Amino acid sequence: MGTTAREEMARFWEKNTKSNRPLSPHVTIYKWSLPMAMSITHRGTGVALSLGVSVFSLAALLLPEQFPHYLAMVKTLSLGPALIASAKFALAFPFTYHTWNGIRHLV
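Treat the numbers as computed from the prediction; the structure is a model and nothing was measured.

Caption draft 1: Examining the UniProt feature "transmembrane region" (unreviewed entry) in the protein chain more closely. UniProt feature "transmembrane region" (unreviewed entry): in the numbering of this structure it lies at residues 44-64 and 76-97. Along residues 44-64, the helical share is 90% and the strand share 0%, with 31 Å between the first and last C-alpha atoms. End C-alpha to end C-alpha, residues 76-97 measures 31 Å, and it is 77% helix and 0% strand.

Next up, the structure:
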């Protein structure tokens, strides 16, 4: 009869402990570099864009009114120019960074 996953893991760690094998290095020991930070940011903006498009699409399908109705609701909030500029930046940054970094990678 085959072994269970728990037994396999116990056997693996027992063998690893007996042979004094080092553990794999953790991300905290690496010195941060610009390419590492750019790669992490690229992945983060990709996830943000995927989630943003998914949420917007789901909202467009499920909400009862059309988009102009919700846009008018936001306009009636009378948000300050600093908050509007911050919101525009938060929407534009992931798209522009992800696009330009992808082009840089391809080149």
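There is more to say, and it comes next.
Caption draft 2: Main features of the pattern of salt bridges. According to the stated counting rule, one finds 2 salt bridges in the structure shown. With a closest N to O distance of 2.5 Å, Arg11 and Glu8 form a salt bridge. Here Arg11 pairs with Glu8, and both are found in helix α1 (residues 5-18), just 3 residues apart, close to one helical turn. Note that Glu14 and Lys18 form a salt bridge whose closest N and O atoms lie 3.3 Å from each other. Of this pair, Glu14 and Lys18 both sit in helix α1, separated by 4 residues, roughly a single helical turn. For Glu14, a relative accessible area of 46% translates into the label partly exposed.

Caption draft 3: Highlighting α1. Taking 1.5 Å per residue as the helical rise, α1 with its 14 residues ought to reach 20 Å, and the 20 Å between its terminal C-alpha atoms agrees with that figure. Of the residues one or two after α1, Asn20 is the one with positive phi, at around 55°.

Caption draft 4: Region of interest: the UniProt feature "binding site: heme" (unreviewed entry) in the protein chain. UniProt's entry tags His98 with the feature "binding site: heme" (unreviewed entry), counted in the numbering of this structure. With respect to the helices and strands, His98 occurs in helix α4 (residues 81-106). Within the local environment of His98, its side chain forms a polar contact with the side chain of Thr45, the two groups lying 3.0 Å apart.

Caption draft 5: Main features of the packing of helix α2 (residues 34-62) against α4. Direction vectors running N to C along α2 and α4 enclose 130°, while the axes themselves pass 9 Å from each other. Of the possible angle classes, the one that applies to α2 and α4 is oblique. Crossing angle aside, the handedness with which α2 passes α4 is left-handed. Along its contact with α2, which presents Met38, Thr41, His42, Thr45, Gly46 and Leu49, the element α4 presents Phe93, Pro94, Phe95, Tyr97, His98, Asn101, Gly102 and Arg104. Taken together, the residues of the contact of α2 with α4 break down into 6 nonpolar, 7 polar and 1 charged.

Caption draft 6: Up close: the layout of surface pockets. Its volume calculated, the largest pocket comes out at about 510 Å³. Lining the largest pocket are 20 residues, with Phe56, Ala87, Lys88, Ala90 and Leu91 sitting closest to its centre. For the lining of the largest pocket, the secondary-structure elements that each account for two or more residues are α2, α3 (67-75) and α4. If one sorts the elements of the lining of the largest pocket by residue count, α4 sits on top with 8 residues. Residue classes in the lining of the largest pocket are distributed as 16 nonpolar, 2 polar and 2 charged. The calculated volume of the second largest pocket comes to roughly 230 Å³.

Parameters and conventions
Residues numbered from 1 in each chain as written. Predicted model: local features only at pLDDT ≥ 70, side-chain atom pairs only at ≥ 80, totals over all residues. Heavy atoms only, no water. UniProt positions renumbered as here; feature names shortened; annotations may be inferred. Helix = DSSP H or I, 4+ residues; strand = E, 2+ residues; numbered from the N terminus. Salt bridge = Lys/Arg side-chain N within 4 Å of Asp/Glu carboxyl O. Buried < 20%, exposed > 50% of the residue type's maximum accessible area, 1.4 Å probe, protein only. Expected span 1.5 Å × (residues − 1). Polar contact = N/O pair within 3.5 Å; in protein donor to acceptor, adjacent residues only side chain to side chain. Axes fitted to C-alpha atoms, helices over the stretch in contact; angles between N-to-C directions. Parallel < 35°, antiparallel > 145°, perpendicular 65-115°, else oblique. Left-handed = near helix turned anticlockwise from the far one by under 90°. Contact = heavy atoms within 4.5 Å. Nonpolar A, V, L, I, M, F, W, Y, C, P; charged D, E, K, R; others polar. 1 Å grid on protein atoms, 1.4 Å probe; cavity = no way out; pocket = protein on both sides within 12 Å on 5 of 7 lines; lining within 4 Å. Points joined across faces, edges and corners; volume = space filled by probe spheres on them.

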